[in-house]
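Structural description and commentary
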Amino acid sequence: MRAIFFTLLLFIFGFGLGQDLVFVQFKDKPSAQQYFDNPQLMLTQKALDRRAKYGIELNLQDVPVETNYITQIENLSIEPVQISKWFNGIFAWCTDAQVAQLENLSFVLDVKSLVQNENATIQQSKTDKFVEDFESVSDTDGTMDYTYGYTHNQVTQLNLDYLHNLGFTGEGISIAILDNGFPGVNTAAGFQYMRDNGQIKDVYNFLHQDENVYAHGTHGTVVLSTIGGYIANQFVGTAIDADFYLYVTENPAHELPDEEANWIAAAELADYHGVDVINTSLGYNDFDDPRYDYSYSDMNGETTYISRGAQIAAEKGIMVVVSAGNSGNGDWHYITAPADAKDVLTIGAVDENGNPAWFSSFGPSADGRIKPDVDAKGVSAAVIRPNGDIEYSNGTSFSSPIMAGAMACLIQAFPNLAPDYLREKVRQSASLYDFPTDQMGYGIPNFENVHEACLGVLDFDKTYVRIVPNPTPGFLNILSDMPIEKMELMNVTGQIVQTFGATKSIDISVFPKGLYLLKVQLENGQVEIKKVIKK
């Protein structure tokens, strides 16, 4: 209680002294042409390659904010909370007098307050949302499957083991986790696999503007564990071979909309690095200062800055995966921002039997779109704590990263299919696609069915690899416009029956009649999977 009271005092005597959070929007980007002429000044080659792959053109959002504008604002003793190139401006805490100064600057287009309810007053400190997001429960039976152990149900419920058996475990796919801290990720045994393999590619703390992410709240640690955690025969995350970008955006000490500014800055950094997937197990609707509170009508994908930022990230080709929220049995009841953004994949929570979790937030969005999109396990989800212990916990905080890892595996399987296409195929595969509900959306997806649906697209799209004759009683000729690195012949259950090198012909006469899959790894990193029928 003392800690809560102290936090409230900091708020009252800090931000409460006539300062409001504002967004200062600039009129232009006068150096834009320089960046368009040299695109690697604004994005890494990995990011540029992702844009090119999906046919996404560069635009003014990609150009950094004019540094001279920032300098002039700092000369007014105004310190930016965060700088946003997507919105072309800065977030800052300002007094009325400072707002007047900003409005007189020639390059400032507008100064917008984030206050929603001017007359609201502070009544009491609000509960940290992670208290309800993370609820440990006892391990009642301790049973383990040799392969997945404690994570068996949360993987197989999605039929994601089908993709794993095909060799798709997120390798080469990058995932950014935007959360409140990652203590133990640098020390606990459950994260040793990702450390030993160099899978942590970037870290940044947007609260303190440094690289210390292995402190603060523990929520990010347990979220990350559901994707990348690995303990042999006990715990296997949904994408253990992915690369990870760990960003601290959430402040455990308070709940104020400057956290939205941190999130946007982190999403922009993730885009800069060419990240494929963003997971955010965060949601916003009420704050320590109720003047900033949102209403359900604001959950339209267009009102909150964080939802607008999440939409921009999706438009840049990032698969943005978001928790629906834990308000299903509370007064709020509905999804929270940024789960309302149009092109994010919003995830509800279910139990081991596929029933909706009592806490999982309801849709639709305020403008009537089906949300959540799909569901994953969020009741008694297996997680790894910072001290290395495996526990079961509750929350859409866990259903979201479980799904984010699954989407990383799907992107690895079909790297050239656009995120919006993959999202729709995931929805179509789900258990309630024909009869969606307000709490479960389209239901629980089936990644084997998604894989089959996407294979059908590849059969008709132009690819590097062709195989003839097919069907065949014996020899297959492999015709490829790109050098082949290796090939694997698999049965329909995903088991590898034979591995081949860079050959142009293979003999399958010794195998029984039926359907097989030929996985072809090309030298450029692309993977193509072809259906083969043995006569």
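Preceding this paragraph is the structure being described.
Please read all numbers here as calculations on a predicted model, not as lab measurements. (Residues numbered from 1 in each chain as written. Predicted model: local features only at pLDDT ≥ 70, side-chain atom pairs only at ≥ 80, totals over all residues. Heavy atoms only, no water.)

**Observations regarding the packing of aromatic side chains**
Selection rule: Think of it this way: a Phe, Tyr or Trp ring, Trp meaning its six-membered ring, pairs with another when their centres are within 6.5 Å, and the plane angle makes it stacked under 30 degrees, edge-to-face over 60, tilted otherwise. Strands here mean DSSP runs of E at least two residues long; helices mean DSSP runs of H or I at least four residues long; both are numbered from the N terminus. Relative accessible area decides the class of each residue, using a 1.4 Å probe on protein chains only: under 20% of the type maximum gives buried, over 50% gives exposed, and in between gives partly exposed.
By the definition in use, this model includes 19 aromatic pairs. With a centroid separation of 6.0 Å and 70° between ring planes, the pair formed by Tyr-150 and Tyr-392 is classed as edge-to-face. Of the two residues, Tyr-150 sits in the loop between strand E5 (135-137) and helix H7 (152-156) while Tyr-392 sits in strand E16 (residues 390-394), which places them 242 residues apart along the sequence. Here Tyr-150 falls in the buried class, since its relative accessible area comes to 15%. Note on Tyr-296 and Tyr-334: the rings are 3.8 Å apart at their centroids and 20° apart in plane angle, and the pair reads as stacked.

**Focus: the packing of helix H11 (residues 258-272) against helix H12 (residues 305-315)**
As a reminder of what qualifies: Inter-axis angles, ranging from 0 to 180 degrees, are taken between N-to-C directions of lines fitted to C-alpha atoms, where helices are fitted over the stretch in contact. Orientation labels follow simple angle bins: below 35 degrees gives roughly parallel, above 145 gives roughly antiparallel, 65 to 115 gives roughly perpendicular, and whatever is left gives oblique. Here, two residues are considered to be in contact whenever any of their heavy atoms come within 4.5 Å of each other. Residue type decides the class: Asp, Glu, Lys and Arg count as charged, Ala, Val, Leu, Ile, Met, Phe, Trp, Tyr, Cys and Pro as nonpolar, and the leftover types, Gly among them, as polar.
Contact pair H11 / H12: the axes reach a minimum separation of 9 Å and the direction vectors enclose 10°. By the criterion of interaxial angle, the relationship of H11 to H12 is roughly parallel. Contact residues: Glu-260, Trp-263 and Ile-264 in H11; Tyr-305, Ile-306, Gly-309 and Ala-310 in H12. A class-by-class count of the residues in the contact of H11 with H12 yields five nonpolar, one polar and one charged.

**Some details on the sheet that holds strand E1 (residues 20-26)**
Threshold: For two strands to count as paired, DSSP must find a minimum of two bridges between them.
Here we have four strands laid out as an open sheet, ordered E2-E3-E1-E4, and antiparallel in their pairing. Of all strands in the sheet, those bounded by a partner on one side alone are strand E2 (82-84) and strand E4 (108-113). Taking each pair of neighbouring strands and ignoring which way they run, the sheet shows an average axis angle of 25°. Alignment of E1 against strand E3 (residues 89-94), held across six bridges, turns out to be antiparallel. Note that in E3 the partner of Phe-23 across the bridge is Phe-91. The strands that helix H4 (residues 67-74) touches are E1, E2 and E3; relative to E1, the one it contacts most, it runs at about 145°.

**Side note on the environment of Gly-89**
Positionally, Gly-89 belongs in strand E3. Looking at Gly-89, the relative accessible area reads 0%, which means it is buried. In sequence terms Gly-89 and Val-108 are 19 residues apart; their C-alpha atoms lie 8.6 Å from each other. The residues touching Gly-89, leaving out its near neighbours within four places in the chain, are Phe-23, Val-24, Gln-25, Phe-26, Val-65, Gln-82, Ile-83 and Ser-84.

**Details of the sheet that holds strand E17 (residues 465-468)**
Taken together, the three strands give an open sheet; going across it, the order is E17-E18-E21, and neighbouring strands pair in antiparallel fashion. Looking at the sheet topology across the chains shown, the edges are occupied by E17 and strand E21 (505-507). Mean inter-strand twist for the sheet, computed between neighbouring axes without regard to direction, equals 25°. Judged from the three bridges that link them, strand E18 (residues 475-480) and E21 form a sheet pairing that is antiparallel. Note that in E21 the partner of Phe-475 across the bridge is Asp-507.

**As for the pairing of E1**
Within E1, seven of the seven residues are buried, which leaves the element mostly enclosed by the surrounding structure. Side-chain alternation along E1 places Asp-20, Val-22, Val-24 and Phe-26 on one buried face and Leu-21, Phe-23 and Gln-25 on a second face that is also buried. Relative to E4, E1 is paired through five bridges, and the arrangement is antiparallel. Following the sheet pairing, Phe-23 is matched in E4 by Lys-112.

**Description of the nonpolar core**
Rules: To define a nonpolar core, start from buried Ala, Val, Leu, Ile, Met, Phe, Trp, Tyr and Cys residues and group those joined through side-chain atoms within 4.5 Å.
Met-403 and Phe-447 are the most contacted members of the largest nonpolar core, which has 73 residues in total. Grouped together as the second largest cluster of nonpolar side chains are 46 residues, Val-81, Tyr-292, Val-322 and Trp-332 included.

**What about the pattern of salt bridges?**
Basically, it comes down to this: One speaks of a salt bridge when a side-chain nitrogen belonging to Lys or Arg is within 4 Å of a carboxyl oxygen belonging to Asp or Glu.
Under the counting rule described, the total for this entry stands at 16 salt bridges. Ionic pairing is found between Glu-391 and Arg-385, a salt bridge with its closest N-O pair at 3.8 Å. As a salt-bridge pair, Lys-486 and Glu-488 come within 3.9 Å of each other at their nearest N and O atoms. A relative accessible area of 37% means that Lys-486 is categorised as partly exposed. Judged by relative accessible area, Glu-488 falls into the buried class, the value being 12%.

**A few points about the side chain of Arg-50**
Tracing the backbone shows Arg-50 in helix H3 (residues 45-54). For Arg-50, a relative accessible area of 3% translates into the label buried. Not counting residues up to four positions away in its chain, the partners in contact with Arg-50 are Asp-271, Gly-274, Val-275, Asp-276, Lys-316, Gly-317 and Ile-318.

None of this, on its own, says anything about what the molecule does.
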